[in-house]
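# Fold and contact review
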Amino acid sequence: MAFRSRTTHIFAGQGGDQPSSALTGYSLGLLLLRMMLGIIMVTHGTQKLFGWFDGAGIDGTAQYFKQAGYPAPKAMSVIAGLSESLGGAGLFLGLLTPLAAAAVLGTMVNALGVTWEGGFLLPSGVEFTLLVAVAAASLALTGPGAYAVDHYLPVLRAHRVAYGVAAIALALVVGAIFLLIRK
C-alpha cells in the first residue's frame, strides 16, 4: 500500500494520483514569484539595516526618513529594514506567507506615499514600488503554493483567502498610520 498524505487530493489530477500539470505550474509560478520578491526585499532591507549592497545603513536611512518627515527617523529605519528583511525572508521561504506579504505591502504603502509625486516611470516614479506592492498583495491572496514551508504547517497548509484579505487590511491600516504620523 502506497503512502498517501492528507494533501494528496490537492495534487491529484482527473482521477489519478499524479500531480496535475496545472497545479504544478501554479505552484512553480508562485515559487518563482515568492523567491524573486523575497530576494529583492531582503536585499533592500539589509541595505537599510547593515549598509550591505551599497546601502545607506541605519544612519543614512534615518536621514532619509527625517527628510521625509517621519518622527524618530532612526527607529523608522530599523522598522522599515526589519519589515523588508523579515517579510522578504518569509516570502522567499513561504513561511507565514500572508504575514510576510503584509510586512512588505505595509512598507510599500509608505514608499508610495512618500514618492507619489515623482510620476509613474523610473528613475523617480512609482512603477517598481507598485509592482512590489501588487505582487505582495497577490501572494497574500493566493498563498505560497505547494513548494513552501507553510505547506507543511498544519494551521497554514490549507491557505484561506480570508488570511490574505486580513493581511492586506493589516498592511493598509498600519501603512496608513505610519503615513499619518509624518510631519
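Residues numbered from 1 in each chain as written. Predicted model: local features only at pLDDT ≥ 70, side-chain atom pairs only at ≥ 80, totals over all residues. Heavy atoms only, no water.

If you look the protein up in an unreviewed UniProt entry, it shows as DoxX family protein from Streptomyces hesseae. The Subcellular location (unreviewed entry) field of the UniProt record for the protein holds the comment "Cell membrane". (UniProt positions renumbered as here; feature names shortened; annotations may be inferred.)

### Quick notes on the UniProt feature "transmembrane region" (unreviewed entry) in the protein
Under the present numbering, the feature "transmembrane region" (unreviewed entry) in UniProt falls on residues 21-42, 91-116, 128-149 and 161-181. Taken as a whole, residues 21-42 contains 100% helix and 0% strand, while its terminal C-alpha atoms sit 31 Å from one another. Helix makes up 95% of residues 161-181 and strand 0%, with an end-to-end C-alpha separation of 31 Å. (Helix = DSSP H or I, 4+ residues; strand = E, 2+ residues; numbered from the N terminus.)

### Thoughts on unusual backbone geometry
That bond from Leu122 to Pro123 is cis: its omega, 20°, falls within 30 degrees of zero. Turning to its location among the elements, Pro123 is positioned in the loop between helix H5 (97-115) and helix H6 (127-142). Phi is positive for Phe53, which is not a glycine, with a value near 55°. Mapped onto the elements, Phe53 comes out in the loop between helix H2 (21-50) and helix H3 (57-67). Of note in the backbone geometry, Leu96 takes a positive phi value of approximately 50° without being a glycine. Tracing the sequence through the fold places Leu96 in the loop between helix H4 (73-93) and H5. On the basis of relative accessible area, Leu96 is assigned to the partly exposed category, the value being 43%. (Buried < 20%, exposed > 50% of the residue type's maximum accessible area, 1.4 Å probe, protein only.)

### Remarks on the packing of H4 against H5
Where H4 meets H5, the axes come as close as 8 Å, and the angle between the chain directions of the two elements is 145°. The chirality of how H4 crosses H5 is left-handed. Between H4 and H5, the contacting residues are Ser83, Glu84, Gly87, Gly88, Gly90 and Leu91 on the first element and Thr97, Ala100, Ala101, Ala103, Val104, Thr107 and Met108 on the second. Partitioning the contact of H4 with H5 into residue classes produces six nonpolar, six polar and one charged. (Axes fitted to C-alpha atoms, helices over the stretch in contact; angles between N-to-C directions. Left-handed = near helix turned anticlockwise from the far one by under 90°. Contact = heavy atoms within 4.5 Å. Nonpolar A, V, L, I, M, F, W, Y, C, P; charged D, E, K, R; others polar.)

### A closer look at the packing of H5 against H6
Relative to each other, H5 and H6 sit at 155°, their axes nearing to 8 Å. It follows from the interaxial angle that H5 and H6 lie roughly antiparallel. In this structure, H5 crosses over H6, and the sense of that crossing is left-handed. In this structure, H5 contributes Thr97, Pro98, Ala101, Val104, Leu105, Met108, Ala111 and Leu112 to the contact, and H6 contributes Thr129, Leu130, Val132, Ala133, Ala136, Ala137, Leu139 and Ala140. Counted by class, the contact of H5 with H6 contains 14 nonpolar, two polar and no charged residues. (Parallel < 35°, antiparallel > 145°, perpendicular 65-115°, else oblique.)

### Thoughts on the pattern of salt bridges
Throughout the structure, instances matching the rule amount to two salt bridges. Residue Lys48 pairs with Glu84 through a salt bridge whose shortest N-O separation is 3.0 Å. In this pair, Lys48 sits in helix H2 while Glu84 sits in helix H4, placing the two residues 36 residues apart along the sequence. The salt bridge partner of Asp59 is Lys74, with a shortest N-O separation of 3.2 Å. Linking Asp59 in helix H3 with Lys74 in helix H4, this pair joins segments that are 15 residues apart in sequence. (Salt bridge = Lys/Arg side-chain N within 4 Å of Asp/Glu carboxyl O.)

### Quick look at the layout of surface pockets
By volume, the largest pocket amounts to about 850 Å³. Lining the largest pocket are 38 residues; nearest its centre among them are Lys48, Glu84, Thr107, Met108 and Ala111. Here the element with the most residues in the lining of the largest pocket is H5; it accounts for ten residues. Looking at side-chain class alone, the lining of the largest pocket contains 23 nonpolar, 13 polar and two charged residues. (1 Å grid on protein atoms, 1.4 Å probe; cavity = no way out; pocket = protein on both sides within 12 Å on 5 of 7 lines; lining within 4 Å. Points joined across faces, edges and corners; volume = space filled by probe spheres on them.)

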